[in-house]
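Chain by chain, the residues run as shown.
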Amino acid sequence: QVELVESGGGLVQAGDSLTLSCASSGRGYAMGWFRQAPGRERELVARITWRAGMTYYADSVKGRFTCSRDNANNTVYLLMTSLRTEDTAVYYCASTPRDNFLAENYNFWGRGTQVTVSS
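Residues numbered from 1 in each chain as written. Predicted model: local features only at pLDDT ≥ 70, side-chain atom pairs only at ≥ 80, totals over all residues. Heavy atoms only, no water.

Participant: How should the pairing of strand S7 (residues 65–70) be read in this particular structure?
Facilitator: The side chains of a regular strand alternate between the sheet's two faces. Examined bridge by bridge, S7 and strand S8 (residues 75–80) share 6 bridges and lie antiparallel to one another. By the bridge assignment, Asp70 is partnered in S8 with Thr75. The antiparallel pairing of S7 with S8 creates a hairpin that spans 4 residues between the two strands, and Asn74 there sits at a positive phi of about 50 degrees. (Pairing = 2+ DSSP bridges. Helix = DSSP H or I, 4+ residues; strand = E, 2+ residues; numbered from the N terminus.)

Next up, the structure:
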């Protein structure tokens, strides 16, 4: 039903900024940004609702990451600043039809984009 395509990942140095984009073929209730690093659990880092633009941020990224959306183009963004080596992960965008933060309620996922932060 919905296809998601992430872009914008790459190799950056600690302290740098990077913006990820996610283009969606449709719109549910909200879009989430997840990340997963080797040996770590998948983590929801940010979420934004389509209608009101209400955002959520994990404690690990709050104050450094900003999620936004462009409703006209069904695109969401994740602006990452003050990047740290521990932010290194594959970042995924996902769509949920409900007001629910659990990963299993995100029914459509992108294939991910690699973000690597070097020291």
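After that view of the structure, there is still more to cover.
Participant: I tried to follow the environment of Val90 on my own but got confused; where do I start?
Facilitator: Within the element layout of this structure, Val90 appears in strand S9 (residues 89–96). Take Val90: its relative accessible area is 21%, and that puts it in the partly exposed class. Between the C-alpha atoms of Val90 and Gly9, which are 81 residues apart in sequence, the distance is 8.6 Å. Ignoring any residue separated from it by four or fewer positions in sequence, one finds Val90 in contact with Phe34, Arg35, Gln36, Gly112, Thr113 and Gln114. (Buried < 20%, exposed > 50% of the residue type's maximum accessible area, 1.4 Å probe, protein only. Contact = heavy atoms within 4.5 Å.)

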